[in-house]
Amino acid sequence: MSGPLSGIKVVEFEAIGPGPFCGMLLSDLGADVIRIDGPRSRSGGGAKDVTGRGRRSISLDLKNPDDVETCLKLLEKADAMLEGYRPGVLEKLGLGPDVVLTRNPKLVYGRMTGWGQFGPLAKAAGHDLNYIALTGALWATGRQGEPPAPPLNLIGDYGGGALYLAFGLLAGVIHARATGEGQVIDVAMTDGAASLTSMFWGMRASGMWQDARDANLLDGGAHFYDCYETSDGKWVSIGSIEPQFYALLLQQAKITDPAFQNQFDRANWTALSEKIAAIFKTKTRDEWTAIMEGTDVCFAPVLSWEEAAQHPHNVARQTFVEVEGVTQPAPAPRFSKTPGTIRSVSPKPGQHSQDILADWGISS
């Protein structure tokens, strides 16, 4: 094994979405991640299950007392665990924190749900879109007069959920190694999504952010921070916030209209957006790319999935890799001494049951 997390043992309870993504992040950086799959697991394994990559699988029926005991033995030897069930599910199975932390006081017990472990909505069903809606993050996306735009599952599930869980687990492991004390990490996607908006709350308090969609510096309201359609029906992105970058934008786009000189006059942003949109419509996306890419305009073409994997910058950095014919993002971030790696494709449920027990010194 390689990676900065080599030597850390993690037990992952089968889940969908952000749970597997968190397990992938830990595995990519060297942790020994064991996934517990149930007898009716929905995971098929294989290269196309990208977020299931890099770990091993053991099949356990957690309604069977013998398998619950095997699970507890695994948790006794683990540094951390992660689960995404509704509150109370693992307690009913005899695997709640009170039981598990008694068996392994150093364990970091990671729990990730949409609404958190307590609160009026804690036991309600939900999905990413609902969680970010409750925090204000969804309300702030999209254009005036149009519905809020669902931003994939990036803000709730993956940003506010999986990344905060990974961060919390590793902080917990550092604390446990220093003190011998494990603890429960309660990751709510509502908490994480709200945390991600911290800068905007600060801007709002400072009078720099309005409670309106498509009217602010970073939400498409500013003509110098937006996406524009080109003559071939494709798109480019402009982020010329700083005055020197804005000046270069005007130069490269050959904009001489004096109305553009007062960059931060909000009253003119809508009119200037219409004017600059007409300018970008005069050339194709690739023509604008030839003019602006690599300059300090703060420019990038808006690429499709296929185009992103083929862009020279991403190719040079090997941002995307191919594993058994499936293109996917490479491990991130990058470490100079202990680089991460994709160790394997997603396992079939129970594929490594006997190997795991043997490697972790557990008799079946």
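These numbers were taken from a predicted model, which means no experiment stands behind them.

Here is what the cut-offs are and how they apply
Chains are numbered independently. Their residues run from 1 in the order of the written sequence. Per-residue local features are limited, in this predicted model, to residues with pLDDT of at least 70; the limit for side-chain atom pairs, both in listing and counting, is 80 or more; totals at the level of whole chains, interfaces and linings are taken over all residues. Side-chain calculation: all heavy atoms of the structure are included, whereas hydrogens and water are not. Here a strand is any run of E in DSSP of at least two residues, a helix any run of H or I of at least four, and the numbering for each starts at the N terminus. Relative accessibility thresholds used throughout: buried, under 20% of the residue-type maximum; exposed, over 50%; partly exposed, between the two (1.4 Å probe, protein chains only). Residues count as neighbours in contact if any of their non-hydrogen atoms are within 4.5 Å of one another. Only the protein chains shown count as cover for residues, with accessible areas throughout obtained via the Shrake-Rupley method and a probe of 1.4 Å. Positive charges come from Lys and Arg, negative ones from Asp and Glu, while His and the chain ends are left out of the count. By convention, the charge on Lys lies at NZ, on Arg at CZ, on Asp at CG and on Glu at CD. The criterion for an aromatic pair is that two Phe, Tyr or Trp rings (for Trp, the six-membered ring) have centres within 6.5 Å, with stacked assigned to planes under 30 degrees apart, edge-to-face to planes over 60 apart and tilted to the rest. Between any two strands, pairing holds if DSSP finds at least two bridges. Helix axes are fitted to C-alpha atoms over the stretch in contact, other axes to C-alpha atoms as well, and angles between N-to-C directions run from 0 to 180 degrees. What sets the label is the angle itself: under 35 degrees gives roughly parallel, over 145 gives roughly antiparallel, 65 to 115 gives roughly perpendicular, and the rest give oblique. In this count, Pro and Cys sit with the nonpolar residues alongside Ala, Val, Leu, Ile, Met, Phe, Trp and Tyr, while Asp, Glu, Lys and Arg are called charged and the others, Gly among them, polar. N or O atoms within 3.5 Å of each other form a polar contact, as long as, within protein, one can give a hydrogen and the other can take it, and as long as residues adjacent in sequence are counted only when both atoms are side-chain atoms. Among the buried residues, those of types Ala, Val, Leu, Ile, Met, Phe, Trp, Tyr and Cys that are joined through side-chain atoms within 4.5 Å form a nonpolar core.

## Here we look at the overall build of the protein
From N to C terminus, the protein includes 14 helices and 11 strands. Projected onto its principal axes, the C-alpha positions of the protein cover 80 × 45 × 40 Å. Evaluated residue by residue, the protein yields a buried proportion of 43% over its 364 residues. Long-range contacts, defined here as pairs at least 24 residues apart, represent 66% of the contacts in the protein between residues at least 6 apart. Accessible area for the protein stands at about 18400 Å²; split by element, carbon and sulfur atoms hold 56% of it. Both charge centroids of the protein, one from 33 positive and one from 41 negative side chains, sit 3 Å from each other.

## Side note on unusual backbone geometry
Residue A332 is joined to P333 through a cis peptide bond whose omega torsion reads -5°. Although it is not a glycine, C298 sits at a positive phi angle of roughly 70°. With respect to the helices and strands, the residue C298 is situated in the loop between α11 (285-292) and β9 (299-301). Phi is positive for Q318, which is not a glycine, with a value near 55°.

## A short note on the packing of aromatic side chains
Within this structure, the stated rule accounts for 9 aromatic pairs. Here the aromatic rings of W115 and Y131 are separated by 4.8 Å at their centres, their planes lie at 90°, and the arrangement is edge-to-face. In this pair, W115 is assigned in the loop between β5 (108-113) and α5 (128-135) and Y131 in helix α5, connecting sequence segments 16 residues apart. The same class applies to W115 as to Y131, namely buried. Geometrically, the ring pair formed by F224 and W269 is edge-to-face, given 5.7 Å between the ring centres and 85° between the ring planes. A residue pair is termed long-range when its members are at least 10 positions apart, and F224 in the loop between α8 (198-205) and β7 (225-229) and W269 in helix α10 (residues 269-280) qualify at 45 residues.

## Topic: the sheet that holds strand β3 (residues 56-59)
Spatially, the 6 strands line up as an open sheet ordered β3-β2-β1-β4-β5-β6, and their pairing is parallel. A single partner strand is all that each edge strand has here, and the edge strands are β3 and β6 (183-188). Sheet twist, expressed as the average angle between the axes of neighbouring strands with direction ignored, equals 20°. Examined bridge by bridge, β5 and β6 share 6 bridges and lie parallel to one another. Bridge assignment links R111 to a residue of β6, and that residue is D186. On the sheet, helix α2 (residues 65-77) packs against β1 (9-13), β2 (32-37), β3 and β4 (80-83) and is oriented at approximately 145° with respect to β1. Set on the sheet, helix α7 (residues 189-196) makes contact with β5 and β6; between it and β6 the angle comes to about 70°.

## Some remarks on the packing of α5 against helix α6 (residues 154-179)
Orientation of α5 relative to α6, taken along the N-to-C sense of each, is 85°, at an axis distance of 7 Å. With respect to α6, the axis of α5 lies roughly perpendicular. Only L154, I155, G156 and D157 of α6 make contact with α5, whose side of the interface consists of D128, Y131 and I132. Its residues assigned to classes, the contact of α5 with α6 shows 4 nonpolar, 1 polar and 2 charged.

## Quick notes on the side chain of N314
In this fold, N314 is placed in helix α13 (residues 312-317). For N314, the side chain forms a polar contact with the main-chain oxygen of A308, separated by 2.8 Å. Discounting chain neighbours no more than four positions away, the residues touching N314 are A308, T319 and F320.

## Focus on the nonpolar core
Core analysis: the largest hydrophobic core is formed by 26 residues, its most contacted members being V10, C22, L26 and L169. Elements with a contribution of two residues or more to this core: α1 (18-28), β4, β5, α6 and β6. Not counting residues up to four positions away in its chain, the partners in contact with C22 are L82, A162, L165, A166 and L169. Of all hydrophobic cores here, the second largest spans 23 residues; its members include L75, L95, L107 and I356.

## Some remarks on the sheet that holds β9
Either a parallel or an antiparallel arrangement is found when strands of a sheet pair, and the pairing is made through backbone hydrogen bonds. Read across the open sheet, the 3 strands follow the order β7-β8-β9; overall the sheet is antiparallel. Each edge of the sheet is formed by a strand with only one pairing partner; in this case those strands are β7 and β9. Going from strand to strand, the sheet's axes swing by 20° on average, the running direction of each strand aside. Bridging between strand β8 (residues 235-239) and β9 involves 3 bridges; their strand directions are antiparallel. Considered in β9, the bridge of V236 is made with P301. Packed onto the sheet, α11 meets β8 and β9 and runs at close to 150° relative to β9.

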